[in-house]
Amino acid sequence: MMQKIDAVIFDLGGVLIDWNPRYLYRKIFQTEKEVNWFLENVCTPEWNEQQDAGRPFAEATAELIHRFPDQAVAINAWFIRWSETVGGAMHETVDILKILREQKQHHLYALTNWSAETFPWAKNNFEFLRWFEGIVVSGEEKTHKPKPAIYQILFDRYRVNPQQAVFIDDNINNIEAARRFGMDGIHFSGALQLRHELSIRGITLGV
């Protein structure tokens, strides 16, 4: 029998905050082909993941400029113009978070892969980040999802019982890692789907 859910844990980027480096690089490059090449060969997801895991941007940027000196302006833009990679709040999901907060029936936490150097901007620009009882930021912890250590940090710091928690993330690898701890996971694809998945678990949001 499933235990009653006590905690709801949200990923941030792709669930509550619309983040996509294409928003920035479509301003820098003239064609989508150029954007694709840059993000597939220079500022790649693997490269960005290192900053999410705590690598300083100064070090990461210098390393890339050494390898791609002709792309120095675009490489530097990743950090200097980082705010332009953010499209804004994903309002329908934020509405779900707001309802959960007002209901006061569940503890609310966030578990995010995010650079420690850029996360302060998010905290200053999204009021709803203050609604969480706690946020675990990968860049601050020097580890990242889906590595087990970051989940354990959340459980230990906030005394979360994984068997009484549900985790919402748009990355299936992160969901599968959570499930290995015995934590329920919802692979997020949209606010309507999330409402349905929560209702199945006995979390009713109303109209």
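Residues numbered from 1 in each chain as written. Predicted model: local features only at pLDDT ≥ 70, side-chain atom pairs only at ≥ 80, totals over all residues. Heavy atoms only, no water.

Q: Tell me what's going on with the pattern of salt bridges, and back it up with residues and numbers.
A: In total, this model carries 13 salt bridges according to the counting rule given. Asp 11 is the partner of Lys 145 in a salt bridge, and the nearest nitrogen-oxygen pair spans 2.9 Å. Of this pair, Lys 145 sits in the loop between helix H8 (138–141) and helix H9 (148–158) while Asp 11 is found in the loop between strand E1 (7–10) and strand E2 (17–19), placing the two residues 134 residues apart along the sequence. For the pair Lys 145 and Asp 11, a shared accessibility class is recorded, and that class is buried. Arg 55 is the salt-bridge partner of Glu 59, the closest N and O atoms lying 3.1 Å from each other. The class of Glu 59 is partly exposed, set by a relative accessible area of 45%. By relative accessible area, Arg 55 is classed as buried at 16%. (Salt bridge = Lys/Arg side-chain N within 4 Å of Asp/Glu carboxyl O. Helix = DSSP H or I, 4+ residues; strand = E, 2+ residues; numbered from the N terminus. Buried < 20%, exposed > 50% of the residue type's maximum accessible area, 1.4 Å probe, protein only.)

Q: Just give me the short version of the packing of aromatic side chains, but keep the residues and values in it.
A: Note on aromatic pairs: each is described by the distance of the centres and the angle between the planes. All chains considered together, the criterion is met by 20 aromatic pairs. Summarising the aromatic geometry, the rings of Trp 47 and Phe 57 are spaced 6.3 Å apart at their centres and angled 70° between planes, so their arrangement reads as edge-to-face. Of the two residues, Trp 47 is situated in helix H3 (residues 45–52) and Phe 57 in helix H4 (residues 57–67); the sequence distance between them amounts to 10 residues. Across this residue pair, the class does not change: Trp 47 and Phe 57 are buried. Put simply, the rings of Trp 19, Tyr 25, Phe 29, Phe 38, Trp 47, Phe 57, Trp 78 and Phe 79 touch in pairs and so form one group of aromatic residues. (Phe/Tyr/Trp six-rings, centres within 6.5 Å; stacked < 30°, edge-to-face > 60°.)

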